[in-house]
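Architecture at a glance
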Protein chains: 2
Amino acid sequence: MTKWFETLSGLKAAAWATLQTGVKQADHPARLPSFATVSATGYPEVRTVVLRAADPAQGAVSVHTDLYSPKVASLRATPLAAIHIWDETQALQLRLSVEVTIQHGAEVGALWGRIPDHAQQSYGVTPSPGTPIANALDYRKEPDPDSFAVLHCTVMRLDVVHLGDQHRRAEFTRDSGWVGQWLAP
Amino acid sequence: MTKWFETLSGLKAAAWATLQTGVKQADHPARLPSFATVSATGYPEVRTVVLRAADPAQGAVSVHTDLYSPKVASLRATPLAAIHIWDETQALQLRLSVEVTIQHGAEVGALWGRIPDHAQQSYGVTPSPGTPIANALDYRKEPDPDSFAVLHCTVMRLDVVHLGDQHRRAEFTRDSGWVGQWLAP
């Protein structure tokens with residue numbers, strides 16, 4: 001019997017199912033991808049984000065962030081990101097190359113209204129994230145809809161690696177209609 | 001009693017202890033950091049690597065790679081990387097900004113000799129990693145000392161975030177002698 005990781009369609013389906021599980025399940029490794037950008041001065045950067053949506057039909061994922069965080073400044077300079085997930089249970093690495101649109105203000109007002117109070121606490125810190133402060137707790141969190149931003153990520157390329165007795169690696173690109181191509185791992 | 005995450009020195013010590021545990025313990029989250037680079041064309045990239053060494057005295061870490069992997073090509077263009085670890089047990093995020101020196105050939109010959117046979121399998125794949133292939137298993141692995149490279153990473157900046165009832169974030173930079181600075185999280 002063919003296993004899920006032995007076909008291009010099986011790997012692609014597993015990749016999107018993994019992303020969708022991450023959105024729903026708080027303790028799943030796909031819940032907390034690492035998100036890499038390039039700073040305005042050309043330095044690579046990477047940090048944890050929370051995966052908020054994954055839409056296989058559109059080939060898009062999204063995360064939420066503070067509009068005044070350094071990653072937004074980086075994305076204004078270079079609107080590209082790389083998203084990385086390692087799911088040990090499936091021995092599956094996902095890498096997404098995405099183009100990022102920064103949505104905020106009225107555009108995301110309806111979404112803000114649906115975010116629970118405790119989660120709104122994550123948007124709106126004074127001083128803004130990354131500012132030097134004299135003591136560890138010299139900051140205030142006040143939920144601020146103007147600080148809330150959605151990073152809408154259009155997936156351009158999906159790179160999937162399965163580690164097994166024999167490793168398998170494939171890429172799926174938007175330009176090729178997501179048909180898939182095996183790569184040397 | 002002061003907790004480890006309440007002081008700059010406590011956070012710094014926890015960061016390096018975590019890195020050192022990752023080197024030794026196969027199932028620790030610091031064993032498999034994500035490693036971000038910038039491609040020669042300016043795109044952010046990120047993938048899993050295995051942490052092989054962590055030296056707090058030198059402020060350096062290292063990983064091993066295939067010399068013919070795309071990440072080495074990226075590092076030849078931009079010898080900078082960002083390394084990311086999320087340790088859920090400690091609720092600790094580590095982010096390292098590093099300058100990378102690519103070591104290979106005679107320089108790493110002694111180290112190659114100490115790598116177990118099964119691990120040598122990771123260096124030397126034909127065609128080289130990332131090459132399109134017709135079928136999933138159309139590649140050969142032959143341990144090749146000429147494909148073995150060490151990425152020696154000199155840490156320039158360490159960014160530590162502890163998520164607790166109240167979040168704490170600090171940065172430690174080589175230029176400041178690693179004294180530490182609290183940041184708004």
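In case you missed it, the structure is sitting above this.
Report follows, based on the coordinates. Each chain carries its own residue numbering, running from 1 in the direction its sequence is written. Note on labels: chains are lettered from A, ligands numbered from 1, in written order. Totals for whole chains, interfaces and linings use every residue, but because this is a predicted model, local features are given only for residues with pLDDT of at least 70 and side-chain atom pairs only at 80 or more, for both listing and counting. The basis for every side-chain value is the complete set of non-hydrogen atoms in the structure, without hydrogens or water.

Brief notes about the interface of chain A and chain B
Basically, it comes down to this: Note on contacts: a residue pair qualifies if any of its non-hydrogen atoms lie within 4.5 Å across the two residues. Note on definitions: salt bridges are taken to be side-chain nitrogens of Lys or Arg within 4 Å of carboxyl oxygens of Asp or Glu. Put simply, DSSP marks the helices as runs of H or I at least four residues long and the strands as runs of E at least two long, and each gets a number from the N terminus on. In the scheme used here, Gly and all other residues not listed as nonpolar or charged are polar, with Ala, Val, Leu, Ile, Met, Phe, Trp, Tyr, Cys and Pro taken as nonpolar and Asp, Glu, Lys and Arg as charged.
Residue-level contacts link 44 residues of chain A with 44 residues of chain B. Run the count over chain A and chain B and you get zero salt bridges. Broken down by secondary-structure element, the contributors of at least two residues to the side of chain A that touches chain B are strand S1 (34–38), strand S2 (44–48), strand S5 (80–87), strand S6 (92–104), strand S10 (168–173) and strand S11 (181–183) of chain A. Residue composition of the side of chain A that touches chain B, grouped by class: 24 nonpolar, 14 polar and six charged.

Considering helix H2 (residues 70–77) of chain B
Residues and elements named next belong to chain B. To be explicit about the condition: Here's how the labels work: a residue is buried when its accessible area is under 20% of the maximum for its type, exposed when over 50%, partly exposed in between, all with a 1.4 Å probe on protein chains only. By definition, the arc is the one covered by directions from the helix axis to the C-beta atoms.
Turning to H2, its buried residues number three or more, namely Lys 71, Val 72, Ser 74 and Leu 75. The buried residues of H2 occupy an angular sector of 160° when the element is viewed end-on, so they sit on one face. Contacts from the buried residues of H2 go to strand S1 (34–38), strand S2 (44–48), strand S4 (60–66), strand S5 (80–87), strand S6 (92–104) and strand S9 (148–162).

Comments concerning the relation of the copies chain A and chain B
Here is the rule we go by: The copies were overlaid with a least-squares fit restricted to C-alpha atoms from residues scoring a pLDDT of at least 70 in each copy.
Each copy of the sequence occupies a distinct position, and chain A is placed on chain B by a rotation of 180° and an axial shift of 0.0 Å, giving an RMSD of 0.0 Å. In the structure described here, the two chain copies are related by an operation that fits a two-fold rotation axis. The residues that chain A uses at the interface reappear at the interface of chain B in 100% of cases, marking a shared surface.

As for the pairing of S1 of chain A
All names here are of chain A. Going by this rule: Strands were regarded as paired on the criterion that DSSP finds at least two bridges between them.
Among the five residues in S1, five count as buried, and that is most of the element. Across three bridges, S1 lies against S5 in antiparallel orientation. Opposite Phe 35, over in S5, you have Ile 83 as the bridge partner. Pairing between S1 and S2: five bridges, direction antiparallel. What sits directly across from Thr 37, in S2, is Glu 45. Between S1 and S2, which pair antiparallel and follow one another directly, the connecting turn spans five residues, one of which, Gly 42, has a positive phi of 90°.

Topic: unusual backbone geometry
At the junction of Thr 126 of chain A and Pro 127 of chain A, the peptide bond is cis and its omega measures out at -5° in the coordinates. The topology assignment puts Pro 127 of chain A in the loop between strand S7 (125–126) and strand S8 (140–141). The residue Ala 91 of chain B is not glycine, and still its phi comes out positive at about 55°. For Ala 91 of chain B, the position within the fold is in the loop between S5 and S6. One non-glycine residue with positive phi stands out, namely Trp 178 of chain B, at about 65°. Position of Trp 178 of chain B relative to the elements: it lies in the loop between strand S10 (168–173) and strand S11 (181–183).

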